[in-house]
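Each chain is listed here by its residues.
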Amino acid sequence: MSYFRELPNFEYQSPFASSTGASEYVIVKNVFRRMKLRDDLKNVFTLFNKRFIEEGERPDTVAEIEYGKSDLDWVVLLSAGIINVRNEWPLSSRDLYNYVIEKYGLTEKDFVHHYETKEVKDSQNRLILPKGKVVDSNFTIPKPGQPGATLNPVVGISNYEYEVKENIRKSTISILRRSYLQQFLNDMKKEMTYKRSSQ
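In this report, we go over the structure that sits alongside the text. The structure displayed is predicted, hence computed values, not measured ones.

Calculation notes
Residues numbered from 1 in each chain as written. Predicted model: local features only at pLDDT ≥ 70, side-chain atom pairs only at ≥ 80, totals over all residues. Heavy atoms only, no water. Axes fitted to C-alpha atoms, helices over the stretch in contact; angles between N-to-C directions. Helix = DSSP H or I, 4+ residues; strand = E, 2+ residues; numbered from the N terminus. Parallel < 35°, antiparallel > 145°, perpendicular 65-115°, else oblique. Contact = heavy atoms within 4.5 Å. Nonpolar A, V, L, I, M, F, W, Y, C, P; charged D, E, K, R; others polar. Core = buried A, V, L, I, M, F, W, Y, C linked by side-chain atoms within 4.5 Å. Buried < 20%, exposed > 50% of the residue type's maximum accessible area, 1.4 Å probe, protein only. Pairing = 2+ DSSP bridges. Arc of directions from axis to C-beta. Phe/Tyr/Trp six-rings, centres within 6.5 Å; stacked < 30°, edge-to-face > 60°.

What follows concerns the packing of helix H2 (residues 59-67) against helix H3 (residues 73-80). Where H2 meets H3, the closest approach of the two axes is 7 Å, and the angle between their N-to-C directions is 95 degrees. Between H2 and H3, the interaxial angle falls into the category roughly perpendicular. The segment H2 lies against H3, with Pro59, Asp60, Val62, Ala63 and Tyr67 engaging Asp73, Val75, Val76 and Leu77. When grouped by side-chain class, the residues that make up the contact of H2 with H3 number seven nonpolar, no polar and two charged.

The following block contains the structure:
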């Protein structure tokens with residue numbers, strides 16, 4: 001089931017030079033009509049499965065695996081909340097490297113993008129500071145068990161490391177469970193159908 005096939009048709013005044021008058025119309029797809037999952041459904045865990053996108057997988061290959069039909073790739077994207085595939089779908093390792101080089105340059109890829117905290121625990125293994133918090137390079141905390149001493153638990157994250165983390169984050173998506181697929185497709189057809197109107 002192709003997404004564009006499900007878009008509603010409407011009559012549009014003919015823009016062609018060969019048209020015979022203002023009352024001549026052509027049938028076109030309303031590409032501005034868009035379907036999306038309700039925001040409140042995103043938190044209903046029983047509707048979705050978490051899925052990790054493997055190296056080289058595309059929306060159509062995921063749809064083939066999950067739903068048995070590659071042309072349901074739009075359901076994969078819709079349920080994952082992806083609008084712009086180019087920017088929101090994870091890249092392969094090679095494409096990611098090329099993207100980083102194009103964005104930052106060969107030498108600048110290793111420059112510091114930002115600084116993050118390292119994990120700090122006290123002598124009784126209690127967490128004082130979690131890792132991964134974005135901070136300034138000169139961020140300090142009191143050294144556990146040593147009054148007056150400070151600790152600089154900061155590590156620089158390079159541009160390349162930052163883009164790798166972002167790509168990994170994009171690799172885990174929510175996907176509509178197969179058991180709800182037919183209901184979703186039926187609901188979409190219903191929503192995409194225009195009601196009779198004098199307009």
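On we go from here.
What follows covers the nonpolar core. Tyr67, Leu72, Trp74, Val75, Val76 and Trp89 are the most contacted members of the largest nonpolar core, which has 21 residues in total. For this core, the elements supplying multiple residues, two or more each, are H2, H3, strand S11 (172-176) and helix H7 (181-192). Not counting the four nearest positions on each side in its chain, Val76 is found in contact with Pro59, Val62, Ala63, Tyr67, Trp89, Ile173 and Ile175.

As a further point, take the sheet that holds strand S7 (residues 134-135). Pairing is antiparallel in the open sheet, where three strands are placed in the order S7-S4-S10. Lying at the two open borders of the sheet, with one neighbouring strand each, are S7 and strand S10 (154-158). Contacts from helix H6 (residues 159-170) reach strand S4 (112-117) and S10, with the element oriented near 80 degrees to S10.

Turning to H2, its buried residues are Pro59, Val62, Ala63 and Tyr67. Looking down the long axis of H2, one finds its buried residues gathered within 100 degrees of arc, a one-sided arrangement. Of the residues one or two after H2, Gly68 is the one with positive phi, at around 80 degrees.

Turning next to the packing of aromatic side chains. Here the structure, examined in full by the defined rule, presents two aromatic pairs. Measuring from centroid to centroid gives 6.0 Å for Trp74 and Phe184, while their planes differ by 40 degrees, and the two rings are tilted. Separated by 110 residues along the polypeptide, Trp74 in helix H3 and Phe184 in helix H7 bring together distant segments of the chain. In this structure Trp74 comes out as buried when scored by relative accessible area, which is 8%. Centroid distance Tyr97 to Tyr160: 6.2 Å. Interplanar angle 70 degrees. Geometry classified as edge-to-face. Taken as a pair, Tyr97 in helix H5 (residues 93-104) and Tyr160 in helix H6 lie far apart in primary sequence, 63 residues in all.

Honestly, it's all geometry; don't read function into it.
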